[in-house]
Amino acid sequence: MDTDLQQAAGLLRTARRVVVFTGAGISAESGVPTFRDDLTGLWSRFNAEHLATPEAFHADPDLVWGWYEWRRSRVRHAEPNPGHLAVTAITRRVPGAVVVTQNVDDLHERAGSPEVTHLHGSLFAPRCVGDGAHPATFPDATQNVAHDESPSGEPADGRRIPPPLCVSCGALVRPGVVWFGEELPGSALTTAAESAAASDLFLTVGTSGMVYPAAEIPRIAVRAGAAVIQVNPQPTQLDLFCTINLLGTAAHVLPAIVAAAWPPSTRG
Ligand code: BJW
């Protein structure tokens, strides 16, 4: 691991076009659950089909909105961890470094990373389901009140909360995230694909690499000849493509790479 870490740091120090690609694992140490981890992942406790599809929202909008309110409340109470801060340090050290995330939280932004590309939308950008798909705002009651949770942080009772109505057209407001079967925002996908194709170093952190088309992004970097560094405590679908596979958590490994790439004595 030490040799690999030093090698990763060397690649980072000399790279000119860096992409940092993140998934739920980078926020795990902030207390935001991943999706597919055994026991702790959201999909081990909740049924994705009933919560994260347009059909689910159509069938039971109050259930879906309530679940996302619980998720939003958890993220609002979370803080960026040393992994997010290390990503920001990379964006400050490498001009033009690009951060692409599949995450719907705002922890990269709160850690100070500029211009984060969100492939799967945001918990904080609701929009209406009407034809115009107007951006919407949260009503005060749901914005400011973290609704009841059990001591373990579970939603109180699978609580249903009616979604607000769009002030422009009266349609239901929905979470501004990308559900299964939905198209990703075109501009985000283009930015991610073009950045990967132009990269000489691609850092993939905390993603299982199972969900498409996002999972295609690291593969684009590989085809473009970029070195790929993975940071993840578990094996993933991307292991085969990695130049260096650093087995460990984001909050431990990313600061260690940054410290090795730019030792304090060399920092400006
Ligand atoms: C750590 C760590 C630590 C832990 N440090 N690491 C076959 C059947 C059905 C569908 C499909 C199919 N094949 C392909 C599809 C399509 C589908 C898909 O890919 N499904 C697969 C699951 C099979 N894709 C879609 O539907 C996409 N849309 C689409 O294809 O549209 C086509 C279209 C074209 C034109 C018109 C219309 C349509 C949309 C996908 C949207 C994904 N949405 C979600 C939910 C977002 C909203 C929400 O948050 O609720 O996005 S699903 C979920 O997965 C979320 C994530 O962004 C995404 C990726 O997950 P991620 O980040 O990789 O998390 P995990 O949990 O999988 O992995 C965590 C990793 O962290 C693990 O490796 C851990 O080891 C690691 N880790 N602790 C570092 N401390």
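Residues numbered from 1 in each chain as written. Predicted model: local features only at pLDDT ≥ 70, side-chain atom pairs only at ≥ 80, totals over all residues. Heavy atoms only, no water.

Trainee: I would appreciate a short explanation of the overall build of the chain in the present structure.
Mentor: Within the chain, the regular secondary structure consists of 12 helices and 8 strands. For 268 residues, the compact-globule estimate of 2.2 N^0.38 gives 18 Å, and the C-alpha radius of gyration of the chain, at 19 Å, lies within 12% of that figure. The principal-axis extents of the C-alpha atoms in the chain amount to approximately 55 × 40 × 35 Å. Counting over 268 residues, the chain shows a buried share of 51%. Across the chain, contacts joining residues at least 24 apart in sequence account for 70% of those joining residues at least 6 apart. A total accessible area of about 12,500 Å² is found for the chain, and carbon and sulfur atoms account for 55% of it. If you average the places of the 19 positive and of the 27 negative side-chain charges in the chain, the two averages end up 6 Å apart. (Helix = DSSP H or I, 4+ residues; strand = E, 2+ residues; numbered from the N terminus. Rg over C-alpha atoms; globule rule 2.2 N^0.38 Å. Buried < 20%, exposed > 50% of the residue type's maximum accessible area, 1.4 Å probe, protein only. Contact = heavy atoms within 4.5 Å. Areas by Shrake-Rupley, 256 points an atom, 1.4 Å probe, with all protein chains shown as cover. Lys, Arg positive; Asp, Glu negative; His and termini not counted. Charge placed at Lys NZ, Arg CZ, Asp CG, Glu CD.)

Trainee: How should the pairing of strand β7 (residues 227-231) be read in this particular structure?
Mentor: Here is the key point about a regular strand: its side chains alternate between the two faces of the sheet. With respect to burial, β7 is a largely interior element, 5 of its 5 residues being buried. Burial along β7 is two-sided: Ala-227, Ile-229 and Val-231 facing one way and Val-228 and Gln-230 facing the other are all buried. Note that strand β6 (residues 201-205) and β7 share 5 bridges and pair parallel. Note that in β7 the partner of Leu-203 across the bridge is Ile-229. (Pairing = 2+ DSSP bridges.)

Trainee: In this structure, what is going on with the packing of aromatic side chains? I would like to understand it.
Mentor: The way to describe two aromatic rings as a pair is by their centre distance and the angle between their planes. Here the structure, examined in full by the defined rule, presents 8 aromatic pairs. Taken together, a centroid distance of 5.9 Å and an interplanar angle of 20 degrees make the contact between Trp-43 and Trp-67 stacked. Of this pair, Trp-43 sits in helix α3 (residues 42-45) while Trp-67 sits in helix α6 (residues 61-76); the two residues are 24 residues apart in sequence, bridging distant segments of the chain. A relative accessible area of 4% means that Trp-67 is categorised as buried. Their ring planes at 55 degrees and their centres at 6.1 Å tell us that Tyr-68 and Trp-179 sit as a pair that is tilted. Remark: Trp-179 occurs in the loop between β5 (173-174) and α10 (186-198) and Tyr-68 occurs in helix α6; sequence separation between them is 111 residues. Here a set of aromatic residues connected by ring pairs shows up, and it is made of Phe-35, Trp-43, Phe-46, Phe-57, Trp-67, Tyr-68, Trp-70 and Trp-179. Against the face of Trp-179 rests Arg-174, its NZ or CZ located 3.9 Å from the ring centre. (Phe/Tyr/Trp six-rings, centres within 6.5 Å; stacked < 30°, edge-to-face > 60°. Lys NZ or Arg CZ within 6 Å of the ring centre and 35° of its normal.)

Trainee: Explanation requested: the site of the ligand in the structure shown.
Mentor: In the neighbourhood of the ligand, 35 residues make up the surrounding shell, with Arg-36, Tyr-68, Arg-71, Thr-207 and Ser-208 lying closest. Ala-250 is positioned such that a nitrogen or oxygen atom in its backbone is 2.9 Å from a nitrogen atom of the ligand. Burial of the ligand by the protein amounts to 74% of the accessible area it has alone, namely 1,500 Å². Mapped onto the shell around the ligand, the elements with two or more residues apiece are α2 (25-28) and α6. Along the lines of polarity and charge, the residues of the shell around the ligand split into 16 nonpolar, 13 polar and 6 charged. (Near = heavy atom within 4 Å. Polar contact = N/O pair within 3.5 Å; in protein donor to acceptor, adjacent residues only side chain to side chain. Nonpolar A, V, L, I, M, F, W, Y, C, P; charged D, E, K, R; others polar.)

Trainee: Mind showing me how you'd approach the nonpolar core here?
Mentor: When a protein is soluble and globular, its nonpolar side chains tend to lie buried together. The biggest cluster of nonpolar side chains holds 31 residues, and the ones touching the most others in it are Leu-12, Val-18, Ile-90, Val-205, Leu-246, Leu-254 and Ile-257. Looking at this core, the elements with two or more residues in it are α1 (2-14), β1 (18-22), α7 (82-93), β6, β7, β8 (244-246) and α12 (250-261). With 7 residues, the top contributor of residues to this core is α12. Those residues within four positions of Ile-90 in sequence are excluded, and the remaining contacts are Leu-12, Val-18, Val-20, Ala-97, Leu-203, Val-258 and Trp-262. (Core = buried A, V, L, I, M, F, W, Y, C linked by side-chain atoms within 4.5 Å.)

Trainee: It is not clear to me how the UniProt feature "active site" (unreviewed entry) in the chain should be interpreted in this structure. Could you clarify?
Mentor: Feature annotation in UniProt assigns "active site" (unreviewed entry) to the following positions: His-120. By secondary structure assignment, the location of His-120 is in the loop between β3 (116-118) and β4 (127-128). Given the relative accessible area of 13%, His-120 is considered buried. A distance of 3.5 Å separates the side chain of His-120 from the backbone oxygen of Gln-102, its partner in a polar contact. (UniProt positions renumbered as here; feature names shortened; annotations may be inferred.)

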